[in-house]
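Secondary and tertiary structure notes
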Amino acid sequence: MTREQRIKKRYQAEKRFRMLGIGSIAIAIFFVFLLLFKVFSTGSTAFIKTTIQTEVDFNKELLELGEIENPTVDQIKSAEFFDVTYKAATGLYPYSNDDEERNVKQLLSGNYETEIKNYLINNPDVLGKKVTIELTSSDDLDQLHKGNFPRDIPEDRRRLNNFQLNIYDNLVEQGKIGTTFSNYFFFSGDSRDPEIAGVAGAVIGSFFSIIICLLIAFPIALMAAVYLEEFAPKNVVTDIIEININNLAAVPSIVFGLLGLGVLLGVFGLPRSTALVGGITLSLMTLPTIIIACRASLKAVPPSIREGALAVGASRVQTVMHHVVPLAMPGTLSGTIIGLAQALGETAPLLLIGMVAFVVDVPSVPTDPSTSLPVQIYLWSESAERGFVEKTSATIMLLIGFLITMNSLAVWARQKFERKW
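Parameters at a glance
- Residues numbered from 1 in each chain as written.
- Predicted model: local features only at pLDDT ≥ 70, side-chain atom pairs only at ≥ 80, totals over all residues.
- Heavy atoms only, no water.
- Phe/Tyr/Trp six-rings, centres within 6.5 Å; stacked < 30°, edge-to-face > 60°.
- Helix = DSSP H or I, 4+ residues; strand = E, 2+ residues; numbered from the N terminus.
- Buried < 20%, exposed > 50% of the residue type's maximum accessible area, 1.4 Å probe, protein only.
- Expected span 1.5 Å × (residues − 1).
- Arc of directions from axis to C-beta.
- Contact = heavy atoms within 4.5 Å.
- Core = buried A, V, L, I, M, F, W, Y, C linked by side-chain atoms within 4.5 Å.
- Pairing = 2+ DSSP bridges.
- Axes fitted to C-alpha atoms, helices over the stretch in contact; angles between N-to-C directions.
- Patch = residues over 30% accessible without salt bridge, like charges linked within 9 Å, V, L, I, M, F, W, Y side chains within 5 Å.
- Areas by Shrake-Rupley, 256 points an atom, 1.4 Å probe, with all protein chains shown as cover.
- Salt bridge = Lys/Arg side-chain N within 4 Å of Asp/Glu carboxyl O.
- Left-handed = near helix turned anticlockwise from the far one by under 90°.
- Nonpolar A, V, L, I, M, F, W, Y, C, P; charged D, E, K, R; others polar.
- Parallel < 35°, antiparallel > 145°, perpendicular 65-115°, else oblique.

1. Things to note about the packing of aromatic side chains
- Under the criterion given, the structure shown has ten aromatic pairs.
- On the basis of an interplanar angle of 85 degrees and a centroid distance of 5.5 Å, the ring pair of Phe47 and Phe185 is categorised as edge-to-face. A residue pair is termed long-range when its members are at least 10 positions apart, and Phe47 in the loop between α1 (3-43) and β1 (48-57) and Phe185 in helix α8 (residues 183-187) qualify at 138 residues. When sorted by exposure, Phe47 lands in the same class as Phe185, which is buried.
- An angle of 10 degrees between the planes, with centres 5.6 Å apart, marks the rings of Phe181 and Phe186 as stacked.
- Under the relative-accessibility criterion, Phe186 is labelled partly exposed at 29%.
- Through successive ring pairs, a cluster of aromatic residues spans Phe47, Phe181, Phe185 and Phe186.

Right, dumping it as structure tokens:
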């Protein structure tokens, strides 16, 4: 084989390798976009809800407020709303028996009584009047109106029967069916009814967990990395410590969940299903990642910085804390943010410490029972109701948004504050 043939063969091999690389990247991008398309197309409808325009008669006699001229908010809250809400729900469509009456009421969400009560509390001037209110529909009607569930299938395979479909068609003809922003999804906690379930509790729980994780993991990891890199003697003990830190970074997260279950809950008796325990558990999992990133940043600082500081009379501690650590901080912060992003997406350790519990109330402090975004996704993905499918995808969208934001912040911080020599 001549020299020209060998060169040509190498160029052809290089071209094939380049094409294989481009093809691999293209396949990866295709599947990423496929995943995003599936999630966004399924979850985008969760941000809106279907409403039914319902006439409500705030009769003072029915509310048992007839003898009160100008009732206070507390008096309105303690009023008898059963008759008012019952007439409003059953007045959507004429019925002839108890089954049809029940079918009519099932078109509204299980929270319609609270919506009517809150409307009067926020608008006391409508007391004694008839007004039209947009009430949240049931999950079954909501999915039908959004086109997420077909109606041209046998009645025994549908959650809505033919009588309810006739009511729906009648309401559509009258223009009483509409859509609006879903305040429940963003501002409510979990619920057994998909139409009123929200992620507020999961978002607050994740926020508390990540803040606690940051407050514990970052200072401990920074001090450990500085000591190991700048002050610790190089001997067998420090070698064993470094090996264990590297090994802990690769340990499955569920092992840290077992640690939290056995030590934090079993030994110290901390409250179960709380963001406090979740944050401590996640901080233990994140520590090795931050230590490794911080040590790499400290190694990247040129020795001349240390030598120059020592030459002008600075002590070793002053050299490290005043010069080396600030210069290594961009890389340290990047590693910290990436570690927190990883902790934000963890599910297994939180399942073992009880954050998988059904929590309706939005937590106000880290010691309140709570859940997190990944666990909420896990819970809703196992639910049978069709409305939870879009809720699951919408929560995934929020989680992806948070992760992209945190990783972008890490890249920005590194590029903004990084020093090059």
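Picking up after the structure, the text goes on.
2. Describing unusual backbone geometry
- Within the chain, Glu64 stands out as a residue other than glycine whose phi angle is a positive 60 degrees.
- Secondary-structure assignment places Glu64 in the loop between β1 and α2 (73-77).
- In this structure, Ser273 is a non-glycine residue whose phi angle is positive, near 60 degrees.
- The residue Ser273 is located in the loop between α11 (253-265) and α12 (275-300) in this model.

3. Here we look at α11
- Compared with an ideal rise of 1.5 Å per residue, which puts 13 residues at 18 Å, α11 spans 17 Å between its outermost C-alpha atoms and is within 8% of the ideal.
- Within α11, the full set of buried residues consists of Ser253, Phe256, Gly257, Gly260, Leu264 and Leu265. Seen from one end, α11 has its buried residues packed into an arc of 105 degrees, which puts them on one side.
- The inward-facing, buried residues of α11 abut α10 (236-248), α12 and α15 (348-352).

4. Notes on the nonpolar core
- If you look at the biggest cluster of nonpolar residues, it comprises 33 residues, and the most contacted ones within it are Ile52, Val56, Phe58, Leu63, Leu108, Ile116 and Leu120.
- Contributing elements (two or more residues each) for this core: β1, α3 (82-90), α5 (112-122), β2 (130-136), α6 (139-145) and α7 (162-173).
- If one sorts the elements of this core by residue count, α7 sits on top with five residues.
- With residues up to four places along the chain from it excluded, the contact list for Ile116 reads Val56, Phe58, Val84, Thr85, Ala88 and Leu135.

5. Brief notes about the sheet that holds strand β3 (residues 177-181)
- Taking strand neighbours across the sheet as the criterion, the three strands line up as β2-β1-β3 in an open arrangement whose pairing is antiparallel. Bordering the open sheet on either side are β2 and β3, each of which pairs with just one other strand. The sheet shows a mean angle of 45 degrees between the axes of neighbouring strands, direction not considered.
- Where β1 and β3 come together, five bridges link them in antiparallel fashion. Bridging from a neighbouring strand, Thr51 pairs with Gly178 of β3.

6. Some words on a nonpolar patch on the surface
- Where nonpolar side chains cluster on the molecular surface, the patch consists of Ile27, Phe30, Phe31 and Leu34 and spans about 420 Å² of accessible area.
- Following the sequence through the fold, Ile27 ends up in helix α1.

7. Comments concerning the packing of helix α13 (residues 303-311) against helix α14 (residues 316-344)
- Interhelical geometry of α13 versus α14 gives an angle of 140 degrees and a closest axis separation of 9 Å. You can see that α13 and α14 cross each other, and the crossing is right-handed. Within the contact between the two elements, α13 uses Ile305, Arg306, Ala309 and Leu310 and α14 uses Arg316, Thr319, His323, Val324 and Leu327.
- Residue classes in the contact of α13 with α14 are distributed as five nonpolar, two polar and two charged.

8. Some thoughts on the packing of α10 against α12
- Taken N-terminus to C-terminus, the directions of α10 and α12 make an angle of 120 degrees; their axes are 8 Å apart at the nearest point. For the element pair α10 / α12, the angle class is oblique. For the pair α10 and α12, the sense of crossing is left-handed. Residues Glu242, Ile245, Asn246 and Leu248 of α10 lie in contact with α12, whose contacting residues are Pro288, Ile291, Ile292 and Arg295.
- In terms of residue class, the contact of α10 with α12 is made up of five nonpolar, one polar and two charged.

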